[in-house]
Amino acid sequence: MVNVVRQEALDNLMLEGDNIVSAARRAIMRHDYSAVLTIFPILRHLKQTKPEFDQVLQGTAASTKNKLPTLITSMETIGAKALEEFADSIKNDPDKEYNMPKDGTVHELTSNAILFLQQLLDFQETAGAMLASQETSSSASSYSSEFSRRLLSTYICKVLGNLQLNLLSKSKVYEDSALSAIFLHNNYNYILKSLEKSELIQLVAVTHKKAETSYRELIEQQIQTYQRSWFKVTEYLTDRNMPAFQPGTKLKDKERQMIKDKFKGFNDGLEELCKIQKVWAIPDKDQRDAIRQAQKRMVSEAYRAFLQRYANIQFTKNPEKYHKYRPEHVEEMIERLFDTSA
């Protein structure tokens, strides 16, 4: 009688387990990888209670004893398949213009990938053992936790590497290289901040000790690329190819025109860039403020020197037409970049 009850309970467990594995398989086919995460706590529980099962099943047929290990193996295999396919899905997510944020903010792919990795943190040992089960034919119990941890670290680095390559590819959808830079900056910054706010950074560091430094360098590179978009404006403020003008000297028509072109070029360029970049997004307030401040300083210093240079040069009867903006006004315009509410 006891054996019958025991067998019935075990059969029910196996049936339930098979249903869970089948559901996970269907979720993978739908590319719904988060749904597969439901396997993780169940697998962890089964592995924790396996010694008790073994004890209860002592004296039963080998086919009965092997049912639970078989279910555990099935769950580990389907879990590992989900992890690998998720990594591939991040790598192969298509670059579609309609799917790109027009303001260059964090892409949905980035937030989804980070969320998935953060959810894995609750099941580090289980996920590591899943990956380890695909590495070797030895029994799951023989994996060292350090080996599993290294495998999980390698896996997370692989997902992040795939994400970085995909973001780089996606950034090429933008026609404006400065917007591409803002997009990459936002995504790299989001990844770094998310890693730092969770245990993910410690896991990544197991196999990639310089991950933080690498992301900081990537972020800085994108800021520098963005700043270059202003060179075409500040170029008008240099005295390159300009003769030296002495105050009080009567200028030739050509010389007057050269100075007028400088002022007009700067004014038009400033207005155009501010109009375009005002609607771009930098969600991280600290980064947004820092980028504005650097831009403000660079443009303002060049503009003040430019105005000083031509302060006493009579090149027009309508100075207000060319000297449209005071330096403080220019700074205010730059202060409103990345702010649709301004």
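Everything below is about the structure shown above.
Just so it is clear, the structure is predicted and the values come from calculations on it, not from any experiment. (Residues numbered from 1 in each chain as written. Predicted model: local features only at pLDDT ≥ 70, side-chain atom pairs only at ≥ 80, totals over all residues. Heavy atoms only, no water.)

Undergrad: Honestly, the nonpolar core in this entry has me stumped. Any pointers?
TA: It is characteristic of soluble globular proteins that their nonpolar side chains tend to be buried jointly. Counting 98 residues, the largest nonpolar core has Leu120, Tyr155, Tyr226 and Trp230 as its most contacted members. At eleven residues, helix α5 (residues 67-92) tops the list of elements feeding residues into this core. Beyond its immediate sequence surroundings of up to four residues, Trp230 is in contact with Leu270, Leu273, Cys274, Gln277, Gln295, Met298, Val299, Ile334 and Leu337. (Core = buried A, V, L, I, M, F, W, Y, C linked by side-chain atoms within 4.5 Å. Buried < 20%, exposed > 50% of the residue type's maximum accessible area, 1.4 Å probe, protein only. Helix = DSSP H or I, 4+ residues; strand = E, 2+ residues; numbered from the N terminus. Contact = heavy atoms within 4.5 Å.)

Undergrad: Where do I start with the layout of surface pockets in this structure?
TA: It is the rolling of a water-molecule-sized probe over the atoms that shows where space remains empty. Roughly 310 Å³ of internal volume is contained in the second largest pocket. Among the secondary structure elements, those contributing two or more residues to the lining of the second largest pocket are α2 (33-36), α5 and α6 (108-120). In terms of residue count, the dominant contributor to the lining of the second largest pocket is α6 (five residues). A per-class count over the lining of the second largest pocket returns seven nonpolar, six polar and three charged. (1 Å grid on protein atoms, 1.4 Å probe; cavity = no way out; pocket = protein on both sides within 12 Å on 5 of 7 lines; lining within 4 Å. Points joined across faces, edges and corners; volume = space filled by probe spheres on them. Nonpolar A, V, L, I, M, F, W, Y, C, P; charged D, E, K, R; others polar.)

Undergrad: What exactly am I supposed to notice about the packing of aromatic side chains here?
TA: Aromatic ring pairs are defined here through the distance separating the ring centres and the angle between the ring planes. A full pass over the atoms with the stated rule returns eleven aromatic pairs. Relative to Phe86, the ring of Tyr33 lies with its centre 5.8 Å away and its plane at 70 degrees, an arrangement referred to as edge-to-face. One end of the pair, Tyr33, is in helix α2; the other, Phe86, is in helix α5, and 53 residues separate them in sequence. In terms of burial, Tyr33 and Phe86 fall into one category: buried. Measuring from ring centre to ring centre gives 5.1 Å for Phe306 and Tyr310, while their planes differ by 65 degrees; the resulting arrangement is edge-to-face. Here Phe306 pairs with Tyr310, and both are found in helix α14 (residues 285-310), just four residues apart, close to one helical turn. (Phe/Tyr/Trp six-rings, centres within 6.5 Å; stacked < 30°, edge-to-face > 60°.)

Undergrad: Would you mind showing me how to read the pattern of salt bridges here?
TA: Oppositely charged side chains can form a pair if their charged atoms are brought close together. Enumeration according to the criterion identifies 19 salt bridges in this entry. Across the pair Asp284 and Lys193 runs a salt bridge whose closest N-O atoms are separated by 3.9 Å. Of this pair, Asp284 sits in the loop between α13 (253-277) and α14 while Lys193 sits in helix α9 (residues 177-197), and the two are 91 residues apart along the sequence. What makes Asp284 buried here is its relative accessible area of 18%. A relative accessible area of 30% means that Lys193 is categorised as partly exposed. Linking Glu335 and Arg292 is a salt bridge whose minimum nitrogen-to-oxygen distance equals 3.7 Å. Of the two residues, Glu335 is situated in helix α16 (residues 327-335) and Arg292 in helix α14; the sequence distance between them amounts to 43 residues. For Glu335, a relative accessible area of 29% corresponds to the partly exposed category. On the basis of relative accessible area, Arg292 is assigned to the buried category, the value being 6%. Salt bridges linked by common partners bring Lys285, Asp289, Arg292, Lys296 and Glu335 together as one network. (Salt bridge = Lys/Arg side-chain N within 4 Å of Asp/Glu carboxyl O.)

Undergrad: Can you walk me through helix α7 (residues 124-133) in this structure?
TA: Given 3.6 residues per helical turn, the α-helix brings residues three or four places apart onto the same face. For α7, the buried fraction is high: nine of the ten residues fall into the buried class. Regarding α7, the residues found buried are Gln124, Thr126, Ala127, Gly128, Ala129, Met130, Leu131, Ala132 and Ser133.

Undergrad: I'm lost on α14 in this one. Help?
TA: The end-to-end C-alpha distance of α14 is 37 Å, a good match for the 38 Å that 26 residues give at a rise of 1.5 Å each. Those residues of α14 that sit buried are Gln287, Arg288, Ile291, Arg292, Gln295, Lys296, Val299, Ser300, Tyr303, Phe306, Leu307 and Tyr310. Those residues of α14 that are buried are in contact with α9, α11 (211-227), α12 (231-234), α13 and α16. The N-cap of α14, judged by a side-chain oxygen 3.0 Å from the amide nitrogen of Asp286 a few residues on, is Asp284. (Expected span 1.5 Å × (residues − 1). Polar contact = N/O pair within 3.5 Å; in protein donor to acceptor, adjacent residues only side chain to side chain.)

Undergrad: Would you mind showing me how to read the packing of α5 against α6 here?
TA: What describes two packed helices is the angle between their axes and the distance between those same axes. Contact geometry of α5 with α6 gives a least axis separation of 11 Å together with a crossing angle of 160 degrees. By the angle between their axes, α5 is roughly antiparallel relative to α6. The two elements α5 and α6 meet at a crossing, and its hand is left-handed. Across from Leu83, Phe86 and Ile90 in α5, the residues of α6 making contact are Leu109, Ala113, Phe116 and Leu120. (Axes fitted to C-alpha atoms, helices over the stretch in contact; angles between N-to-C directions. Parallel < 35°, antiparallel > 145°, perpendicular 65-115°, else oblique. Left-handed = near helix turned anticlockwise from the far one by under 90°.)

Undergrad: Please explain unusual backbone geometry as it appears in this structure.
TA: Both trends apply: most residues other than glycine have a negative phi, and most peptide bonds are in trans. Phi is positive for His31, which is not a glycine, with a value near 60 degrees. The class for His31 is exposed, based on a relative accessible area of 56%. Even without glycine at this site, Phe338 takes up a positive phi of about 60 degrees. Along the chain, Phe338 falls in the segment after α16. Take Phe338: its relative accessible area is 7%, and that puts it in the buried class.

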